[in-house]
Amino acid sequence: MAQILCLAAMVFGLAAGLFAQSAAPEEGRSRFCAVDIYVDSKATPLAAYQLEFVVTNGVARIVGIEGGEHAAFHEPPFYDPKAMQHERVILAAFNTGNKLPSGKTRVATIHLQAADNGPLQCELKLQAAGNAAGVRIAAEASFEERKSP
Amino acid sequence: MRISHNHEEKDDADLQAPAELVSALKRLAQERPFVPPTVDEVVFRAAQQHLGKVQSKRTEDGGRVPFIQFLRLIPRWKAWLAAGTTVIAIAFLVYQFFPSESRRTLGVGFRNPLDFARGGPVREGAASDRTPAPMQGGLSHERRLDILDAFILAKRLQGGPVQERRWDVNGDGVVDERDVRAIAVEAVRLDKGGRS
């Protein structure tokens, strides 16, 4: 009997995590928004980048990731699927071709679901940027919330 | 209960063993009882037979010997030797399948190409020379893979097969695009979940 009770406690205890999810945004108050991620490599053609994006005020969660504007980074970047429905993600992409963007270019777009109409507070950290030879280069990363029309 | 009226209370200090008992006990320590060899042999064989029956896994009634009782019959040194051998074998298997550099990576068989046992100091320059970056004069064991490592491997694969085994991060014996992808996946892996 004690063994059955222990087994039941284990099963229900593990199952509790499935139900202990964060509350969904209230009906009618959540909104979807998009944040464009830019990398400015100045005059150097950008061949690879890796950056970390975090929503710091906890009002939004990542629901989608999109590629950039230039053909070299048009495909969605690499990211950890665990980032979905959370506030932090690491994006990375590279292109071994010859046609690479230089200057400021949009490399990705992150789609977020925000709980309310309050402002987003985010942090962006460029972890790596490389040129066509694979050498690290100095670059700047920035983000901009896309304004709805 | 009948109580003898002649019973006299005696002080504990005055209690003495009977003299005959005392002398007999003293003689016992000095005399060695004689046991005929035949009797000794019979007792020894009977003990062997009895212990042999217990050590076989079934008792006379056909039931099993309790495991705890069975364990007690194993010589202690054999038990310790078996336990030590088991621990050493497990440690050896763990070391072989889970090298230290793979603990933070994808899982079983994933090897960090930045294996400093085979690598050398970093030199700024061509991607083909990219090797682990030293930290403060020594080789770093903690530099994590990033997208540039994947990019460099992809570029090298464009020029032909890559023979360096340290780039075989998925351990399949071949350095190919799958290793490139494995490095990229590792580079973006979130440590301890995706929550900020």
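Before reading on, note that the structure itself is shown above.
Summary of the structure given here. Keep in mind it's a predicted model, so treat the numbers as computed, not measured. The written sequence of each chain sets the order in which its residues are numbered from 1. Naming scheme: in the order in which they are written, chains are lettered from A and ligands are numbered from 1. Two thresholds apply to this predicted model, a pLDDT of at least 70 for residue-level local features and 80 or more for giving and counting side-chain atom pairs, whereas whole-chain, interface and lining totals are computed over all residues. As a rule here, side-chain values come from all non-hydrogen atoms in the structure, and water together with hydrogens is ignored.

### Quick notes on the overall build of chain A
Our working rule: Only DSSP runs of H or I reaching four residues or more are called helices, and only runs of E reaching two or more are called strands; each is numbered from the N terminus. Each residue is placed in one exposure class: buried if its accessible area under a 1.4 Å probe, protein chains only, is under 20% of its type's maximum, exposed if it is over 50%, and partly exposed if it falls in between. What makes two residues a contact is simply this: any of their non-hydrogen atoms within 4.5 Å.
The helix and strand inventory of chain A stands at 1 helix and 7 strands. In chain A, the succession of α and β elements from N to C terminus is α-β-β-β-β-β-β-β. Buried positions account for 42% of the 149 residues belonging to chain A. A separation of at least 24 residues holds for 80% of the contacts in chain A among residues at least 6 apart in sequence.

### A closer look at the sheet that holds strand β5 (residues 104–114) of chain A
Residue and element names in this part refer to chain A. Heads up, the rule is: Criterion used throughout: strands pair if DSSP finds at least two bridges between them. For every element, the axis is a line fit to its C-alpha atoms; helices are fit only across the contacting stretch, and the angle between N-to-C directions ranges from 0 to 180 degrees.
Here 4 strands make up an open sheet; going across it, the order is β3-β5-β1-β7 and the pairing antiparallel. For this open sheet the edge positions go to β3 (60–67) and β7 (140–145), each flanked by a neighbour on one side alone. Taken pair by pair, the neighbouring strands of this sheet meet at an average axis angle of 25°, ignoring direction. With 6 bridges joining them, strand β1 (residues 31–40) and β7 adopt antiparallel strand pairing. Looking across to β7, one finds that Asp36 is bridged to Glu144.

### A few points about the sheet that holds strand β4 (residues 88–94) of chain A
Across a sheet, paired strands are connected by hydrogen bonds in the backbone, their directions being either parallel or antiparallel. Pairing is antiparallel in the open sheet, where 3 strands are placed in the order β4-β2-β6 (chain A). Either end of the sheet is taken by a strand with one partner, and the two such strands are β4 and β6 (122–130) of chain A. Going across the sheet, the axis of each strand differs from the next one's by a mean of 15°, ignoring polarity. On the sheet, helix α5 (residues 147–158) of chain B packs against β2 (48–55), β4 and β6 of chain A and is oriented at approximately 20° with respect to β4 of chain A.

### Considerations on the interface of chain B and chain A
The condition is simple: What gets called buried area is simply the loss in accessible area from a 1.4 Å probe that two parts show on being joined, summed for both. Definition used for salt bridges: Asp or Glu carboxyl oxygen within 4 Å of a side-chain nitrogen of Lys or Arg. Polar contact criterion, stated in full: a pair of N or O atoms within 3.5 Å, where within protein one must be able to donate a hydrogen and the other to accept it, and residues adjacent in sequence count only if both atoms are side-chain atoms. Each residue gets one label: Ala, Val, Leu, Ile, Met, Phe, Trp, Tyr, Cys and Pro are nonpolar, Asp, Glu, Lys and Arg are charged, and the others, such as Gly, are polar.
Counting residues at the interface gives 26 residues for chain B and 31 residues for chain A. When the buried area of chain B at its contact with chain A is split by residue, Phe151, Val188 and Leu190 of chain B rank highest and sum to 29% of it. The interface formed by chain B and chain A includes 1 salt bridge. Between Asp146 of chain B and Arg136 of chain A there is a salt bridge; the shortest N-O distance is 2.3 Å. Between chain B and chain A we count 5 residue pairs in polar contact (both at pLDDT 80 or more) in total. Looking at side-chain class alone, the side of chain B that touches chain A contains 12 nonpolar, 5 polar and 9 charged residues.

### Structural notes on the packing of aromatic side chains
To keep it simple, the criterion reads: Only Phe, Tyr and Trp rings are paired, with Trp represented by its six-membered ring, and only when their centres lie within 6.5 Å; those with planes under 30 degrees apart are stacked, over 60 edge-to-face, the remainder tilted.
Tallied over the full model, the rule gives 4 aromatic pairs over all chains. A centroid spacing of 6.4 Å and a plane angle of 20° characterise the contact between Phe78 of chain A and Phe94 of chain A, whose relative ring orientation is stacked. With Phe78 of chain A in the loop between β3 and β4 and Phe94 of chain A in strand β4, this residue pair connects regions lying 16 residues apart in the sequence. The class of Phe78 of chain A is partly exposed, set by a relative accessible area of 22%. The structure contains a cluster of three or more aromatic residues connected by ring pairs, namely Phe78 and Phe94 of chain A together with Phe151 of chain B.

### Comments concerning helix α6 (residues 177–187) of chain B
Regarding α6 of chain B, the residues found buried are Asp179, Val180, Ala182, Ile183, Ala184, Glu186 and Ala187 of chain B. Residues of α6 of chain B that are buried make contact with β2 and β4 of chain A together with α5 of chain B.

### What to know about α5 of chain B
Heads up, the condition is: To estimate how far a helix should reach, multiply one less than its number of residues by 1.5 Å.
Taking 1.5 Å of rise per residue, the 12 residues of α5 of chain B would be expected to cover 16 Å, and the 17 Å separating its terminal C-alpha atoms lies within 8% of that figure. The buried fraction of α5 of chain B is high, at 9 of 12 residues. Taken as a whole, α5 of chain B has its buried residues at Ile147, Leu148, Asp149, Ala150, Phe151, Ile152, Leu153, Ala154 and Leu157 of chain B. Residues of α5 of chain B that are buried in the fold lie against β2, β4 and β6 of chain A together with α6 of chain B.

### So, the pairing of β3 of chain A
Residue and element names in this part refer to chain A. Taken across its 8 residues, β3 has 6 buried, putting it largely inside the fold. Across 7 bridges, the pairing between β3 and β5 is antiparallel. Bridge pairing in β5 links Ile62 to Leu112.

### Considering the side chain of Asp168 of chain B
Residue and element names in this part refer to chain B. Within the secondary structure, Asp168 is located in the loop between α5 and α6. For Asp168, a relative accessible area of 5% puts it in the buried group. At a separation of 3.2 Å, a polar atom in the side chain of Asp168 contacts the main-chain amide nitrogen of Gly171.

In short, the description is geometric, and any link to function would need to be established separately.
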